[in-house]
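Structural overview for review
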Amino acid sequence: MAVKEPSITASPNRGLALTVGAVLSLWGILGFFFAADGDPGFFSRKGGMLWNAFGVNPPLALIWVMLAAVLLIMGLGTTIGSRNGNVLVGAVLVVLALYGFVLGNTSANILALNTTDNVFHAIVGVILLLTAFGADKQNIRALRAEAARV
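Summarised in this report is the structure supplied together with it. (Residues numbered from 1 in each chain as written. Predicted model: local features only at pLDDT ≥ 70, side-chain atom pairs only at ≥ 80, totals over all residues. Heavy atoms only, no water.)

Taken as a whole, this structure holds one salt bridge when the rule is applied. Of the charged contacts in the structure, one is a salt bridge between Arg149 and Glu146, with a shortest N-O distance of 2.9 Å. Residue Arg149 and its partner Glu146 are both found in helix α5 (residues 137–149); the two are separated by three residues, about one turn of the helix. The exposure class of Arg149 is exposed, given its relative accessible area of 57%. (Salt bridge = Lys/Arg side-chain N within 4 Å of Asp/Glu carboxyl O. Helix = DSSP H or I, 4+ residues; strand = E, 2+ residues; numbered from the N terminus. Buried < 20%, exposed > 50% of the residue type's maximum accessible area, 1.4 Å probe, protein only.)

Right under this line is the structure:
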């Protein structure tokens, strides 16, 4: 009996990857427009403000768009791929949060990160990692067994 790939609604990893990917793509695209409101430099420490809460400059907006692309491509693919994408993007967001918390008030803050950015990155990164490691275990186990059988 062949194992069928779970649908987007039946796979928490795929659903979360598409949801977070859509949010990050929207924020990344808007970030390019709002980044011009702040210091005009590409790697400006001040940057612009997105929704009067999130500090953003062009490199941070670019990072958001690239992470969104990974999540959207993987979320539209397979459950195993979306799990791996969630692990990768979750780890990057947690690292961004740590970078912002540690270096946010120094000259090394080249991404214009503020506390709101850091909290957002930490929460979303942890949710992606928890979902990747905790959800879809039966689906992934069955898909891997089917792939090994074929």
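Packing of helix α1 (residues 12–34) against helix α4 (residues 115–134) leaves a shortest axis separation of 10 Å and a crossing angle of 160°. Here α4 runs roughly antiparallel to α1, going by the angle between their axes. As for the relative orientation of α1 and α4, their crossing is left-handed in sense. Across the interface between the two elements, Pro12, Asn13, Leu16, Val20, Leu24 and Trp27 from α1 touch Phe120, Val124, Ile127, Leu128, Thr131 and Ala132 from α4. For the contact of α1 with α4, the per-class residue count stands at ten nonpolar, two polar and no charged. (Axes fitted to C-alpha atoms, helices over the stretch in contact; angles between N-to-C directions. Parallel < 35°, antiparallel > 145°, perpendicular 65-115°, else oblique. Left-handed = near helix turned anticlockwise from the far one by under 90°. Contact = heavy atoms within 4.5 Å. Nonpolar A, V, L, I, M, F, W, Y, C, P; charged D, E, K, R; others polar.)

A cluster of nonpolar residues, Ile29, Phe32, Phe33, Leu62 and Met66, forms a patch on the protein surface that exposes about 520 Å² of accessible area. Elements represented by at least two residues in the nonpolar patch include exactly α1 and α2 (58–76). Top contributing element to the nonpolar patch by residue count: α1, with three residues. Locating Phe33 in the fold gives a position in helix α1. (Patch = residues over 30% accessible without salt bridge, like charges linked within 9 Å, V, L, I, M, F, W, Y side chains within 5 Å. Areas by Shrake-Rupley, 256 points an atom, 1.4 Å probe, with all protein chains shown as cover.)

Along the chain, Leu88 falls in helix α3 (residues 79–103). By relative accessible area, which is 48% here, Leu88 ends up partly exposed. Counting along the chain gives 44 residues from Leu88 to Ala132, while the straight-line C-alpha distance between them is 9.7 Å.

If you trace the backbone, Leu76 turns up in helix α2. Sequence-wise, Leu76 and Val56 are 20 residues apart; in three dimensions their C-alpha atoms are separated by 28 Å. The residues touching Leu76, leaving out its near neighbours within four places in the chain, are Ile8, Arg14 and Leu18.

Val20, Leu24, Trp64, Leu93 and Leu128 are the most contacted members of the largest nonpolar core, which has 22 residues in total. Secondary-structure elements contributing two or more residues to this core are α1, β2 (54–56), α2, α3 and α4. Among the elements that take part in this core, α2 stands out by supplying six residues, more than any other. Once residues within four sequence positions are removed from consideration, Leu93 is found in contact with Leu67, His121, Ala122, Val124, Gly125 and Leu128. (Core = buried A, V, L, I, M, F, W, Y, C linked by side-chain atoms within 4.5 Å.)

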